[in-house]
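Below, each chain spelled out in residue letters.
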Amino acid sequence: MRGRLKEGRTAQEDGADIDPGAMSTLIEESQDIHHDAMAATTTSLDEMVDAGMEARAHGGVDLDESREVAARRSHLLTGAAFGGGLLAAAGIGAALQGVFASPAFAASATDVQILQTAASIEALAVATYQTALTLPFIGGAAANGVVKAFATTTMQQHQQHLTAFNAAVTTLGGTAQTNPDPALLKVVNAAKPGLTGPGPVVALALELEQGAAETYVADVAALSDANAKKVTASIMGVEAQHAAVLLAVQALLNGNAPQLITLAPGNVANLPAAAGSVGFPQAFYPTDQARPATEGAMS
Amino acid sequence: MRRRNQTPEILAISEHELTVMTNDLDQIHNDVSMPAMKMALGEWTDKIRTSRRGFLIGAGAVAGGAVLAACSSGSSSSGSTTTTAGASKTGALTGDLAIAALAASLENLAVAAYGDVLTAAGQNKLGTVPPAVATFVTTAKGQHAQHAAGWNSAITAAGHSAITVPDPALVPTVNAAFAKVTDVVGAAQLALMLENIAAATYQNGVSAVTAVSSIKVAASIQPVEMQHAAILYFALGQYPVPNAFSPLTGARGPSDYSGG
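Novice: Could you give an account of the overall build of chain B, with specific residues and numbers?
Specialist: When you go through chain B residue by residue, the secondary structure sums to 9 helices and 0 strands. When the helices and strands of chain B are placed in sequence order, the string is α-α-α-α-α-α-α-α-α. Taking all 260 residues of chain B together, the buried fraction comes to 53%.

Novice: Give a description of the confidence of the model for chain B that names residues and reports values.
Specialist: Residues and elements named next belong to chain B. Of the residues in chain B, 64% have a pLDDT of 70 or more, and the chain-wide mean is 77. Counted against residues more than four places away or in other chains, residues 52–90, with its pLDDT under 50, gives 87 contacts. Both confidence scores are given for the complex: pTM 0.74, ipTM 0.75.

Novice: With reference to specific residues and values, describe the environment of histidine 160 of chain B.
Specialist: Topologically, histidine 160 of chain B is positioned in the loop between α5 (131–157) and α6 (171–179). Put simply, histidine 160 of chain B and valine 174 of chain B are 14 residues apart on the chain and 27 Å apart in space, counted from C-alpha to C-alpha.

Novice: Which residues make up unusual backbone geometry, and what values do they have?
Specialist: With glycine set apart, most residues show a phi of negative sign, and most peptide bonds adopt trans. You will see that asparagine 256 of chain A, though not glycine, has its phi angle at about 60°, which is positive. Phi angles above zero are rare outside glycine, and asparagine 124 of chain B is one such case at about 60°. Residue asparagine 124 of chain B is classed as exposed on the basis of its 11 C-beta neighbours within 10 Å.

Novice: Can you break down the packing of helix α7 (residues 184–208) of chain B against helix α8 (residues 212–235) of chain B residue by residue, with the values?
Specialist: Each pair of packed helices gets described by two things: the angle between the helix axes and the distance between those axes. All names here are of chain B. As a packed pair, α7 and α8 sit with axes 8 Å apart at the nearest point and diverge in direction by 155°. As far as their axial angle goes, α8 and α7 are roughly antiparallel. Two packed elements cross with a definite hand, and for α7 against α8 that hand is left-handed. The segment α7 lies against α8, with Ala188, Ala191, Leu192, Glu195, Asn196, Ala198, Ala199, Tyr202, Gln203, Gly205 and Val206 engaging Ile215, Ala218, Ala219, Ile221, Gln222, Glu225, Met226, His228, Ala229, Leu232 and Ala235. Residue composition of the contact of α7 with α8, grouped by class: 15 nonpolar, 5 polar and 2 charged.

Cut-offs and rules
Residues numbered from 1 in each chain as written. Chains lettered and ligands numbered in written order. Predicted model: local features only at pLDDT ≥ 70, side-chain atom pairs only at ≥ 80, totals over all residues. Helix = DSSP H or I, 4+ residues; strand = E, 2+ residues; numbered from the N terminus. Buried ≥ 20, exposed ≤ 12 C-beta atoms within 10 Å, placed from the backbone. pLDDT = per-residue confidence, 0-100. Contact = placed C-beta atoms within 7 Å. Axes fitted to C-alpha atoms, helices over the stretch in contact; angles between N-to-C directions. Parallel < 35°, antiparallel > 145°, perpendicular 65-115°, else oblique. Left-handed = near helix turned anticlockwise from the far one by under 90°. Nonpolar A, V, L, I, M, F, W, Y, C, P; charged D, E, K, R; others polar.

Spelled out as C-alpha cells, the structure:
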C-alpha cells in the first residue's frame, strides 16, 4: 500500500482548493470535543494513581492476577501472540521469563514494559510528523491544506498519547520512555531519503499509524492494570482513524486526484466510488503488524 | 442507488485504480484479519464450552426471547430497522455473553439502519446519492454483519440462539431519527451517531468483559467502527479525527438487551 507518487508532479499540483478559515474553525471545534474526551482519559489516569498508591501502601498485589499475568507474559515472550520471537532469538526472553515466573512480581512490571513500548512508538510518531512538516510539500505554503492540518493535528495528538502513556508508566512505578522505538526508528531513517513527495510521506505515516493501532489492539488484551487498559483502548481507535484518513489520502494521490483531498462542503459528490471504502479495508482489526511488547521497554 | 452520469476522465482513472486497490485490501483482509479473528473467537468458544461459567449460562435460560420479540414488535415503524423475532432460546445471558448479546444487537441495528438507507436511496427518497456514499453504506453494512456473526458464533457456541434483533433500547431513537432523514447528509449524520455509539460501547467493553479472548474480539472491532466514523466525518466535511482520545460518550450497557 505504499504511495506511488507520479514523477514530475509539483507541490502546487498537489495543492487543493480549501478554505483555511473553515479549516481553522473545524480544528477548533474538534479540539473542544477533544477536551471532553480527554476528561475520561484523565479520570483513568487519576484512578491509576490512586490504585498505584493503594497497592504500594498494602505492599502487594493479587496473587491470582500475578500468576495470570506471568502466564500471559510467558506466552508473549515466546512471540506467539505478537508474531515476534525476536526477543527469544536474542536470548532476552529466557532472562525475563525467570523474573516473571515469580507470582509476587507485580503485574505492573509487565504493564510498564508494554506502556513504555507504546510511549516509544508515540515518540517516534511525533518526531516523524515533525520532520514531515519541515518538507515543503507537507508543511509549506504550497502544501495541500488538509494534509498540512492533518500532519499538524496528528502530531499534537501523538504528543498527547506520549504524555498519557508515560503518565501511566510512572504511575505504575516505571521510568518515562521518551526515546523512539529503536526498531521503527531504523525504518523511518531508511525512508527519509525517499521522502521526495507527499506519496512516500503518506506511506511512511501509514506504516507507523497501522503499526501503532495494531500494537494497541494487542496491548489491551495483554495489559493487566484496568486503567492502563482503558487509556490504551481510548487511543487504539484514534490511530486507526489516522490510518483510515491516510489510506483515503493515499488512494486519492495514487489516483491522481489530489484536488479531492479537501473538506469543502459537497466534496463527497466528486469522490470516486471506491473512496467510500478504501479507508476501512478490514472488518476486524488485525494484529500481525503489532510491535513486540518489549521492543521499546527500558532495561 | 442512483449514481452520477458524468464522470470526468481523471476520476474514471482513479476509479479503476481505487477499485484495484480496494480489491487488494479486501484480499489482505481475508488473509490477515479474518484468521486472527477466528482464532480469538475459537479461543472464546472453547472456553465457554469448557468453563463452569459456560455451564451456568447454558443452564440459566429464561424467556428472554419473549422480551426481545416484545421490544421488536412494540417499536415497529415503516422502516425495516425493527426486524422479526430474535433468539427463541435466548436466556438471561450474563458475564461476557451478555456483552456479546448487546454487541450483536447493536450490530444488527447498524445493519438494519444501513439497509434502510439503501432502500430509501433506491426509492429516490434521499436525492442524489454520491457513488462514494453508496460504496460506504454497502461496505460498512457488510462489515457490521460480519461483526454480528462473530458475536453470535460465541453465543451459539454456548448453546443459545443467535441474536437477530436490533438493540431494543435504541430502536425507537433510530426510527425517530430516520423518519426525519431526507437526504444523504441526514443519513450520514445518523450513521455517524450509530458508529460512535458502537465504538464507545466496544471501548467500554474491553474493560467490561473478563476473558482475554473476549477482550480481543471487542478490541478488534472498536477501531473499525472508529474508521467508519472517520470516513463519515470526512464525507460530511468535518475534521475526520476530532479526538486525541476516543470518548465513552454514548456507550451502551447490557441492560439495553436484557431490559433489566
